[in-house]
Amino acid sequence: MAPLLKVRDLSVSFVTDTHKINAVRDVNFDIAPGEKLGFVGESGSGKTTTALALMGLVPNPGRVTNGVAKMGDLDLLGLSRDEIKAERLRTISYIPQGAMNSLNPVQKVRDSVLDGMEDHGVRMGRGERRAVVSELMEKAGLPRDASARYPHELSGGMKQRACIAVAIALKPRLLIADEPTSALDVITQRRVMQTLDRVQGELGSGLILIGHDMGLMAQFVDRLVVMREGRIVEVGSTRQVFKSPRAAYTRELITSVPAMPVRRPALQVCAGDRPGHVEDDDTLLSLENASKTYQRGIFKKDVVALKPVSLRFSRSNPKIIAMVGQSGSGKSACGNLMLGFQKPTTGRIMFGGRDVATMKRREKTDFRRQVQAVFQDPYASFNPFYTIDHAFTVPLRRFGVAANRAEAYDIMAHSLQRVGLEPGATFGSHAHQLSGGQRQRIMVARAVALRPKLIVADEPVSMVDASLRATILENIRQLRDDFGISVFYITHDLATAYRSSDGVIVLRRGRVVEAGLPDEVICDPKHPYTVQLVESIPSPDPDQAWARVREPQEARSGEDADTFSQAVIRSRIPGFSIRSGTAA
Amino acid sequence: MDLSRIIKRLVLTAFVFFGAATLNFFLPRFSGGDPIAERLAQLGDSGGTMSADALSAMIASYNERFGLDLPIWEQYLNYLWDMMRLDFGYSIAYFPTRVWTLIGQALPWTIGLMITTTLIAFLAGSFLGAFAVWRKNAMTGTLMPLMMVFAAVPFYLVGLLLIFFLGYQLRWFPTGGGFSPLVLPSWELDFAFNVLYHACLPAASIVLSSIGIWALAMRGMMVTVAGQDYMTFARARGLSDRRMFFSYGIRNAILPQVTTLGLALGQVVTGAILVEIVFSYPGLGNLLLQAVRGADYFTVYGIVMILVLTICFVTLVLDLIYPLLDPRVRQGAP
Amino acid sequence: MTKGHASTGKPIPASPKSEDHIIVLGTTPAHERQFMDRLLSYCRRNPAFPIGLALLCFLVTFAGFGRLLWPVELAQPLSATPYLPPNAQNPFGTDTQGRDVLAVTIAGTWLTMRTGIIAAALGTVLGSALGFASGYFGGWVDNVVNWIVDVLLTVPAILILVVIAASIQGQLSSLSMAFIISLLAWRRPTRQVRSQVLVMRNMGYVDTARLSGMSGFEIIVRELVPNLLPYLVAVFVLAVSASILAAVGLQAMGLGPQNEPTLGMTVYWMMYYSAFLQGLWWWIVPPVFVIILLFVGFYMLSSGLDEFANPRLRQDIR
């Protein structure tokens with residue numbers, strides 16, 4: 001079959017006063033009708049610029065310096081400004097990341113669909129318009145009345161579907177989807193990608209998917225283009241690229257994605273010596289029916305961040321407990337309660353037999369020393385005004401861990417070595433002079449230096465380069481083994497939670513839905529939500545296919561129906577106890 | 001309709017009104033003696049232009065309500081009650097004219113001048129600012145810095161310059177007043193032209209210096225809007241330039257601009273008042289100047305109250321209009 | 001709430017750049033340049049900042065050195081023959097009351113700037129304190145402060161000041177005017193600082209400081225203030241400009257020191273004696289010119305500073 005689009009020697013450069021950036025260099029590829037082609041690479045690799053060049057949308061000061069892009073007899077790169085404008089939407093259509101702000105906020109969805117058609121010379125009567133709009137809504141999996149709504153009245157997934165509806169209005173021959181689902185949660189992501197798949201099949205058009213998620217690529221595209229620094233480093237069928245990557249860089253990309261464990265029935269695990277019960281006098285920190293509700297002004301509804309939950313960490317039996325949930329599930333609220341940063345709306349946070357909210361000054365200081373944290377963004381964790389020493393010397397002196405400055409520096413040097421950093425090279429530097437991985441390890445070292453009993457680690461590796469993630473998680477695990485520190489590991493990532501924890505809690509909309517040993521919760525989930533979550537994660541193995549789900553209309557999807565409320569607490573986690581909901 | 005916004009505004013208005021009245025009442029009484037009583041006594045001593053009868057009538061009416069024989073809270077409550085009925089009492093300088101009569105004569109001039117000039121400046125400025133972002137060329141390139149200069153200078157200084165160059169040196173326009181001294185006010189066309197002719201310079205000075213404020217603000221908004229995802233998507237759909245400029249660009253950028261209008265209202269009123277003073281325009285500004293010069297406290301307070309209420313009222317109107325422009329606040333926050 | 005993305009999409013590891021991907025033309029790359037270079041390149045892109053600074057420096061020099069080189073006592077009435085056009089003795093001529101216009105301009109610039117700086121300094125200090133407290137601690141402190149600022153911002157300062165100034169008209173000096181203006185000069189600084197603190201208090205390093213056992217007050221002083229210093233300078237500059245605007249406006253209505261030659265009072269006398277109709281252009285031009293320079297200078301300086309010092313806009317220039 002003749003290719004739909006043939007791109008040869010495409011080069012794009014950005015020239016500023018001080019730099020010349022060759023963003024795309026000699027790129028060649030073909031795409032056949034009905035084919036799904038993936039473009040993958042880090043940001044700045046030129047994958048988006050390549051797509052923009054095809055639509056004549058390279059932003060200033062960029063220029064297409066060379067190349068042809070033949071679509072039949074049409075050379076897309078040789079068209080004038082008005083000519084290429086006429087081809088957009090009609091021939092090549094762009095699907096943006098719609099969850100954010102891609103639709104005009106003051107227009108109804110219907111008008112966003114129609115204005116593009118109108119500007120491409122489609123004249124329709126009133127009835128015709130209505131028919132066209134409702135057909136497009138149907139195709140994109142939206143309820144019919146969604147066309148009369150404004151973008152802010154739609155959920156993220158619905159907005160993405162609306163963008164699809166807008167983009168396919170003129171039945172384009174080529175669709176370009178630019179990270180369409182990177183702001184959606186995994187469950188919605190799977191549904192939207194299935195819709196996109198069906199729509200593309202119906203149109204018979206080619207599709208270019210731009211992204212950075214190797215798992216999504218493995219599950220979705222037919223062929224994969226790997227780009228780096230403006231060049232194509234590897235092209236091949238998805239299976240071939242994943243099974244036998246030729247370029248070292250491709251291998252690096254593939255290994256950086258933590259693979260999910262294979263689903264299997266949970267082994268009958270022999271739970272530890274004192275299963276799931278923590279004695280009162282052995283309790284380190286506990287949440288007792290603690291919940292958090294945010295008030296939002298007089299006339300607005302309050303937001304429930306965390307529904308009542310009871311947890312207990314053992315003092316004598318330190319464990320790493322992972323709390324897993326999508327953003328907005330209340331997991332960070334839970335962490336903030338533990339740190340005493342916020343007061344619970346109901347219930348209590350107890351530390352050493354005392355309520356954290358009513359502690360006296362001395363007790364509070366002790367609590368602060370014993371309960372430390374590692375935050376998501378290692379750059380923001382350091383005050384840019386000071387050197388990183390400030391983050392050590394202040395607490396070391398204040399908590400009386402070090403008697404004087406010299407001793408503080410001793411402890412600091414020792415802890416930096418523990419996490420594999422060279423103290424001499426780290427002292428006196430500002431956070432911006434260090435790499436992200438170094439900064440996060442310094443935060444871990446800081447926590448170590450204070451010898452706490454519990455560390456709340458809130459997404460500690462989500463902003464760190466993939467290659468360093470394992471190291472940092474290993475550092476954290478050593479805290480438990482070497483110093484007897486318990487860790488509360490907050491994450492959205494089931495794979496790392498599986499690897500590094502002794503117990504997993506799944507949170508959804510502020511409610512605990514499932515808890516148990518990692519093998520139970522992740523390899524053999526019982527709660528329907530956990531099942532859905534585990535199934536939706538795209539595996540970087542093309543053989544381990546995404547299970548197809550029925551494609552429901554977004555508005556009445558399971559995501560919105562709050563049908564399962566009963567938490568499934570699996571076998572007990574040693575050194576930790578949990579109870580969801582208020583005590584009966 | 002976002003009710004909480006409106007309720008908040010109403011409560012705020014009540015607070016502002018109450019605060020202003022309280023300030024007006026207590027300030028003279030706590031600034032070392034009662035300057036109003038002193039002023040009345042002073043008029044009595046010097047005789048002034050006021051007849052002895054008028055003066056004693058004035059003092060009597062003042063004492064009846066605010067005399068020292070009443071306890072201060074009763075005086076205060078009386079005062080609040082008067083303010084709520086918008087009863088500002090008698091003018092000290094023009095007794096027995098009531099303050100309301102003076103304000104009533106001046107108000108139409110001020111409102112006419114302020115509303116027309118603000119609307120012109122807001123619309124023209126917003127359009128210019130949007131256009132400067134849309135079409136970067138030599139015209140907008142030189143216009144914007146010039147506007148920046150005008151935006152920085154208070155209205156009345158621009159007025160002074162206009163009077164000097166166009167009024168005094170070139171003698172194209174009258175240097176002050178609302179109409180020619182020899183013309184009698186009437187509903188004739190001639191008189192209307194005379195009024196318009198006199199309004200040219202004051203209006204020009206307000207428009208000239210405030211157009212820049214709106215243009216600069218709109219330019220900032222347009223730059224922000226141009227970077228939004230919906231603009232990228234619109235471009236990727238090949239929408240027409242007209243639609244991109246009006247339905248996507250201006251339509252979205254004007255929303256914060258309306259909010260800014262509400263916030264800048266005080267500035268506009270202040271500016272307009274000083275412009276009236278510079279041009280001896282027969283509006284509230286000039287009346288305020290006369291009242292300050294003549295230590296006519298009741299008139300000063302009356303004008304201040306009226307201006308404060310006007311600002312609150314216009315802000316309320318803007319609050320009511322805004323949801324019509326922005327669907328996101330129409331239903332209130334989700 | 002953390003800003004974690006909902007998907008499991010991972011950022012791909014950054015890798016060392018090959019040489020021909022990004023080619024540096026001529027000068028050193030941005031990240032190696034020092035602060036001064038950055039400032040210079042910023043000025044080149046945004047000339048408002050240096051122009052504004054230059055204008056204000058010129059005025060400060062004019063007022064400061066002018067006082068030393070020219071007898072400012074001549075700014076009092078009856079120190080020269082009235083109605084003189086510019087001549088050898090009085091380079092800018094004299095006004096209707098026999099003041100030397102050059103002396104008036106020098107003394108007026110000095111007095112007006114002093115009024116603005118005193119009022120703005122008081123307003124900025126008080127406003128920053130309130131802004132930090134209300135932004136950081138939140139709760140009812142924030143509600144009360146925010147409400148008062150809301151109420152006061154609804155009414156233009158000059159209307160409140162007219163009432164105050166009118167009531168104590170007789171005793172006004174340029175110094176007491178500064179204090180009166182400072183009564184309202186804290187509103188905007190409060191608002192501005194508060195909005196910055198609202199963002200800053202969610203920064204990770206504030207949480208780190210809390211974990212280090214610092215109290216709220218300590219966090220404000222040791223962690224937040226140092227980072228906000230450049231912004232506070234910008235707030236101050238804006239406050240000076242606003243205070244001068246209020247002072248000149250009040251004085252132009254006659255609500256000012258009757259026997260001090262401030263710029264605003266000069267405008268008032270100018271209108272009082274109908275300088276236009278008498279054609280005394282030499283009386284009008286210098287003070288009005290200086291006021292315009294003053295406002296344009298402040299406007300440009302603060303619009304330049306704002307972009308440079310506002311933490312939220314700063315990313316662009318780094």
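Note that the structure is a prediction, hence the values are computed from the model and not measured. (Residues numbered from 1 in each chain as written. Chains lettered and ligands numbered in written order. Predicted model: local features only at pLDDT ≥ 70, side-chain atom pairs only at ≥ 80, totals over all residues. Heavy atoms only, no water.)

**Examining empty space enclosed by the protein**
Rules: Cavities and pockets are found on a 1 Å grid laid over the protein atoms alone: a cavity is a set of points where a 1.4 Å probe fits but cannot escape, a pocket is an open set with protein on both sides within 12 Å along at least five of seven lines, and a lining residue has an atom within 4 Å of such a point. Grid points are joined across faces, edges and corners, and a volume is the space filled by probe spheres set on the points. Only runs of H or I of at least four residues qualify as helices and only runs of E of at least two qualify as strands under DSSP, and these elements are numbered from the N terminus. Residues are grouped as follows: nonpolar covers Ala, Val, Leu, Ile, Met, Phe, Trp, Tyr, Cys and Pro; charged covers Asp, Glu, Lys and Arg; every other residue, Gly included, is treated as polar.
Taken as a whole and assessed by the stated rule, the structure comprises 11 cavities of 30 Å³ or more. Along the wall of the largest cavity there are 15 residues; nearest its centre are Asn 383, His 390 and Ala 391 of chain A together with Thr 208 and Glu 223 of chain C. Elements that contribute at least two residues to the lining of the largest cavity include exactly α12 (389–398) of chain A together with α8 (204–211) of chain C. Partitioned by chemical class, the residues of the lining of the largest cavity number eight nonpolar, six polar and one charged.

**Quick word on the nonpolar core**
Put simply, the rule reads: Throughout this description, the term nonpolar core refers to a set of buried Ala, Val, Leu, Ile, Met, Phe, Trp, Tyr and Cys residues connected via side-chain atoms within 4.5 Å. Buried, partly exposed and exposed residues are distinguished by accessible area as a fraction of the type maximum, computed with a 1.4 Å probe on protein chains only: under 20%, between the cut-offs, and over 50%, respectively. It only takes one pair of heavy atoms within 4.5 Å for two residues to be counted as in contact.
Core analysis: the largest hydrophobic core is formed by 142 residues, its most contacted members being Leu 157 and Leu 284 of chain B. Apart from residues lying up to four places away in sequence, Leu 284 of chain B is in contact with Ile 103, Ala 106, Leu 107, Thr 110, Glu 276, Ile 303, Ile 306 and Leu 307 of chain B. Within the second largest apolar cluster, 91 residues are counted, among which are Leu 285, Ile 349, Leu 479 and Ile 537 of chain A.

**Quick notes on the confidence of the model for chain B**
Short version of the rule: The predictor attaches a confidence to each residue, and that confidence, scored 0 to 100, is pLDDT.
Overall, the prediction assigns chain B a mean pLDDT of 82, with 88% of residues at 70 or greater. When pLDDT is averaged over each helix and strand of chain B, the minimum, 65, is found for helix α2 (residues 35–46) of chain B and the maximum, 92, for helix α9 (residues 229–236) of chain B.

**Some thoughts on the sheet that holds strand β10 (residues 231–237) of chain A**
All names here are of chain A. Basically, it comes down to this: Two strands pair if DSSP finds at least two bridges between them. Lines fitted to the C-alpha atoms define the axes, with helices restricted to the stretch that makes contact. Angles between their N-to-C directions range from 0 to 180 degrees.
Spatially, the six strands line up as an open sheet ordered β6-β7-β8-β3-β9-β10, and their pairing is mixed. Pairing within the sheet leaves two strands with one partner each, and these edge strands are β6 (92–95) and β10. The mean inter-strand angle of the sheet, taken between neighbouring strand axes irrespective of direction, is 20°. Examined bridge by bridge, strand β3 (residues 36–40) and strand β9 (residues 223–228) share four bridges and lie parallel to one another. In the sheet register, Leu 37 faces β9, and the bridge partner there is Arg 223. Along the sheet face, helix α1 (residues 47–54) touches β3, β6, β7 (174–178), β8 (206–211) and β9 and points at about 145° away from the line of β8.

**Let's talk about unusual backbone geometry**
Residues and elements named next belong to chain A. Here the residue pair Asn 60 and Pro 61 is connected by a cis peptide bond, since its omega of 0° sits within 30 degrees of zero. Here Pro 61 lies in the loop between α1 and β4 (62–71). Despite not being glycine, Leu 89 has its phi angle at roughly 70°, a positive value. For Leu 89, the position within the fold is in the loop between α2 (81–87) and β6.

**Considering a nonpolar patch on the surface**
Residues and elements named next belong to chain B. Under the convention used in this document: Patch members must show over 30% relative accessible area and no salt bridge, and they are joined within 9 Å when carrying like charges or within 5 Å when they are nonpolar side chains of Val, Leu, Ile, Met, Phe, Trp or Tyr. For the accessible areas, the method is Shrake-Rupley and the probe is 1.4 Å, while residue cover comes only from the protein chains on display. One speaks of a salt bridge when a side-chain nitrogen belonging to Lys or Arg is within 4 Å of a carboxyl oxygen belonging to Asp or Glu.
Among the surface-exposed residues, Leu 3, Ile 7, Val 11 and Phe 15 lie close enough to one another that they form a single nonpolar patch of about 330 Å² accessible area. The residue Phe 15 is located in helix α1 (residues 3–30) in this model. Exposure remark for Phe 15: the relative accessible area of 42% places this residue in the partly exposed category.

**With respect to the interface of chain A and chain B**
Going by this rule: Once two parts are put together, the accessible area they lose, assessed with a 1.4 Å probe and summed over both, is termed the buried area. The term polar contact refers here to a pair of N or O atoms within 3.5 Å; inside protein, the definition further demands a hydrogen-donor-capable atom paired with an acceptor-capable atom, and it admits residues adjacent in sequence only when both atoms are side-chain atoms.
Listed as interface residues are 29 residues of chain A and, on the opposing side, 26 residues of chain B. Summing both sides of the interface, chain A and chain B together bury roughly 2500 Å²; the carbon and sulfur share of this comes to 57%. Joining chain A to chain B, the criterion identifies five salt bridges. Arg 243 of chain B is paired through a salt bridge with Glu 118 of chain A; the nearest N and O atoms lie 3.0 Å apart. Taken together, the links from chain A to chain B amount to 14 residue pairs in polar contact (both at pLDDT 80 or more). Mapped onto the side of chain A that touches chain B, the elements with two or more residues apiece are α2, α3 (109–119) and α5 (156–167) of chain A. If one sorts the elements of the side of chain A that touches chain B by residue count, α3 of chain A sits on top with five residues. For the side of chain A that touches chain B, the class distribution of residues is 12 nonpolar, eight polar and nine charged.

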